[in-house]
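Reading the structure
Here's the letter readout for the chains.
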Amino acid sequence: MALIACKTPRNSELPDFEKGIVVGYHRNGRFLRNISSEINIPKSTVTFVIKKWKVSGDYRNVLSSARPTKLRYRDRQVLSKEIQPQTIAPHNSRSSDTITRDC
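Keep in mind that what you see is a predicted model, and the values were worked out from it rather than measured.

Concerning the pattern of salt bridges
The full count for this structure, using the stated rule, is 3 salt bridges. With a closest N to O distance of 2.7 Å, R30 and E38 form a salt bridge. For R30, a relative accessible area of 34% corresponds to the partly exposed category. Residue R72 is joined to D75 by a salt bridge in which the shortest nitrogen-to-oxygen separation is 3.5 Å. Overall, the relative accessible area of 27% leaves D75 in the partly exposed class.

Some thoughts on the nonpolar core
Counting 11 residues, the largest nonpolar core consists of L14, I21, V22, V23, Y25, I35, I39, I41, V46, V49 and I50. Every element with two or more residues in this core is listed here: α1 (16-27), α2 (32-39) and α3 (43-56). Looking at which element gives the most residues to this core, the answer is α1, with 4 residues. Discounting chain neighbours no more than four positions away, the residues touching I35 are V22, Y25, H26, R30, V46 and I50.

Structural notes on the packing of α1 against α3
Remark: α1 packs on α3, axes separated minimally by 10 Å, with the N-to-C direction vectors making an angle of 75°. The angle between α1 and α3 falls in the class roughly perpendicular. Taking contact as the criterion, the partners of K19, V22, V23, H26 and R27 in α1 are, on α3, V46, V49, I50, K52, W53 and K54. Residues belonging to the contact of α1 with α3 are distributed by class as follows: 6 nonpolar, 1 polar and 4 charged.

Conventions and cut-offs
Residues numbered from 1 in each chain as written. Predicted model: local features only at pLDDT ≥ 70, side-chain atom pairs only at ≥ 80, totals over all residues. Heavy atoms only, no water. Salt bridge = Lys/Arg side-chain N within 4 Å of Asp/Glu carboxyl O. Buried < 20%, exposed > 50% of the residue type's maximum accessible area, 1.4 Å probe, protein only. Core = buried A, V, L, I, M, F, W, Y, C linked by side-chain atoms within 4.5 Å. Helix = DSSP H or I, 4+ residues; strand = E, 2+ residues; numbered from the N terminus. Contact = heavy atoms within 4.5 Å. Axes fitted to C-alpha atoms, helices over the stretch in contact; angles between N-to-C directions. Parallel < 35°, antiparallel > 145°, perpendicular 65-115°, else oblique. Nonpolar A, V, L, I, M, F, W, Y, C, P; charged D, E, K, R; others polar.

So, to be careful, I would describe these as geometric facts and stop short of saying anything about function.
Below, the structure written as structure tokens:
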């Protein structure tokens, strides 16, 4: 039984149904290369799905808990350093010199 998977965009996740097929084929003793060619998905994706299933016992897509942040932590640090007012010490050349009086 050969399944033809629709070609998905590069960044989209594999649907839960196809992940279930991958796990089912693996449990029946199929090799990664055979699973990959039958379902028409990359071998690395098959490996990732099986590894995730072995570690967590689940292969389904997980919904994110919140909206992703616009800035990463590192970006926020850089911006906060740029925004902070730069404190410049007043330049007073006379204060460092010693003044002596001739009496």
